[in-house]
Each structure stands twice: as C-alpha cells, then as structure tokens.
Amino acid sequence: MSEYTLRAARTADINGIHALLEPLVERRILLGKDLAILYGAVQEFVVAEVDGELIGCGALHVMWEDLGEVRTLLVRDDFLHHGVGRAIVEALEERARELGLSRLFCLTFETGFFTRRGFEPIGEHIVDPDVYSQLLRSGDAGVEEFLDLAHVKPNTLGNTRMLKQLV
C-alpha cells in the first residue's frame, strides 16, 4: 500500500471531496452536501491523499465556544482499515485543541470506530438552557442534529450521537 499524506483541504479538492461523498450519500450513510456548502466549508476540511489522489477527508465544524463537530468523515473503501480515518480524526482533534475546544460531537453509524477514539454515546441536554437557545438560532443542520431536534430525526435514524472530552 502506498503511503498517504494528510493536509488542509484547498478549493481544488472540493470536487474530489464531493466525488468521495456521493457513493455514501447514495447508500444513505451520509447526508449529501451541495458544492456551494462544501466550498464554504473548505477551511474546515483535512484530506488524505496518495499520489495526488484523495482517499479520505473529514471536517471540524465549530458549534460553540467549547464545542466542535467532526463532520463528513469518510475514507475510500479500498483504504478502510489502514489508519486513514484514525489519522484524520487525530488531525481534527489537534485542530480543535488549537482552537480552544474541549468537546467534540459526532453523529455516526460507526460507533465502534468512534468509541475506540474516546467518544461516548450521549443523551439529551448536554448544554445548558441558555446555550441551547443560542444554538437554536444557528440554522445549521449539524447543530440541529446535535440538539436532537424532532424535524431532523428522519435524517438521523440509526445514527448515534456521540461526544468526546478533549484533554
């Protein structure tokens, strides 16, 4: 297997990220994202590549002063179980620490993977009521999933809401 490298995403990577994402959207594993949304979030992404070809990606989205979300984490099927996903999550965690975040959220079917990374399933009410009311105003789908709002439930069926305390 060729060695992969991790780096911050660039705008030139967005079509490749979109291409990696589409098969998982078709299999209803991840929610689709329009190109405009991906371009707007390019600075949140880390990509893994081999010989200039994207094999994985993940994004860190800041939700609140101490809280971020691991989003759009995916690895091409032929590179699964080679440490790529772990390396991407570790890079996102490092970014989160640099930003001053102390907690990371994810919404996932891959509970075993995230449990091995220190994430734990969560229930409701993990932010105080004032923060909750502020987050309600964001209009961001990931924040709405974090808050476990009823209108996003059809998109999240079968997923587990997980949280990690960063050290």
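A.B. asks: Tell me what's going on with the pattern of salt bridges, and back it up with residues and numbers.
C.D. replies: Inspection of every chain in the model, using the stated rule, returns 10 salt bridges. Its salt-bridge partner being Arg76, residue Glu53 comes within 2.6 Å of it at the nearest N-O pair. Of the two residues, Glu53 is situated in strand β3 (residues 53-64) and Arg76 in the loop between β4 (67-75) and α3 (84-99); the sequence distance between them amounts to 23 residues. Overall, the relative accessible area of 47% leaves Glu53 in the partly exposed class. The structure contains a network of salt bridges with shared partners spanning Arg7, Asp13 and Glu49.

A.B. asks: Let's hear about unusual backbone geometry: which residues, and what values?
C.D. replies: Of note in this structure, Arg28 is not a glycine but carries a positive phi near 60 degrees. Here Arg28 shows up in the loop between α1 (14-26) and α2 (35-40). A positive phi is found at Thr72, a non-glycine position, where the angle reads about 50 degrees. For Thr72, a relative accessible area of 8% gives the class buried.

A.B. asks: Outline the packing of aromatic side chains, listing residues and values.
C.D. replies: As enumerated under the stated definition, the model contains 2 aromatic pairs in all. Look at Phe113 and Phe114: their rings are 5.1 Å apart centre to centre, the planes differ by 85 degrees, and that puts the pair in the edge-to-face class. Given a relative accessible area of 18%, Phe113 falls into the buried group. Geometrically, the ring pair formed by Phe114 and Phe119 is edge-to-face, given 5.1 Å between the ring centres and 80 degrees between the ring planes. Here Phe114 and Phe119 have matching classes, each one buried.

A.B. asks: Tell me about the nonpolar core, and please be specific about residues and values.
C.D. replies: In terms of nonpolar packing, the biggest core is built from 22 residues, with Val70, Leu73, Val84, Leu104, Phe114 and Phe119 touching the most fellow members. Elements that contribute at least two residues to this core include exactly β2 (45-50), β3, β4, α3, β5 (103-108) and α4 (111-116). At 5 residues, α3 tops the list of elements feeding residues into this core. Those residues in contact with Leu104, other than ones at most four positions away along the chain, are Leu60, Gly68, Glu69, Val70, Glu93, Ala96, Phe119, Met162, Leu163, Lys164 and Leu166.

A.B. asks: Before we move on, can you summarise the sheet that holds β4 with the specific residues and values?
C.D. replies: Read from one edge to the other, the open sheet built from 7 strands follows the order β1-β2-β3-β4-β5-β7-β6, with strand pairing classed as mixed. The open sheet is flanked by β1 (5-8) and β6 (120-121), the only strands paired with a single partner. Bridging between β2 and β3 involves 6 bridges; their strand directions are antiparallel. By the bridge assignment, Val46 is partnered in β3 with Gly58. Strands in contact with α1 are β2, β3 and β4; relative to β3, the strand with the most contacts, it is inclined by about 90 degrees. Across the sheet, α3 is in contact with β1, β2, β3, β4, β5 and β7 (160-165); its angle to β3 comes to roughly 30 degrees.

What counts and how
Residues numbered from 1 in each chain as written. Predicted model: local features only at pLDDT ≥ 70, side-chain atom pairs only at ≥ 80, totals over all residues. Heavy atoms only, no water. Salt bridge = Lys/Arg side-chain N within 4 Å of Asp/Glu carboxyl O. Helix = DSSP H or I, 4+ residues; strand = E, 2+ residues; numbered from the N terminus. Buried < 20%, exposed > 50% of the residue type's maximum accessible area, 1.4 Å probe, protein only. Phe/Tyr/Trp six-rings, centres within 6.5 Å; stacked < 30°, edge-to-face > 60°. Core = buried A, V, L, I, M, F, W, Y, C linked by side-chain atoms within 4.5 Å. Contact = heavy atoms within 4.5 Å. Pairing = 2+ DSSP bridges. Axes fitted to C-alpha atoms, helices over the stretch in contact; angles between N-to-C directions.

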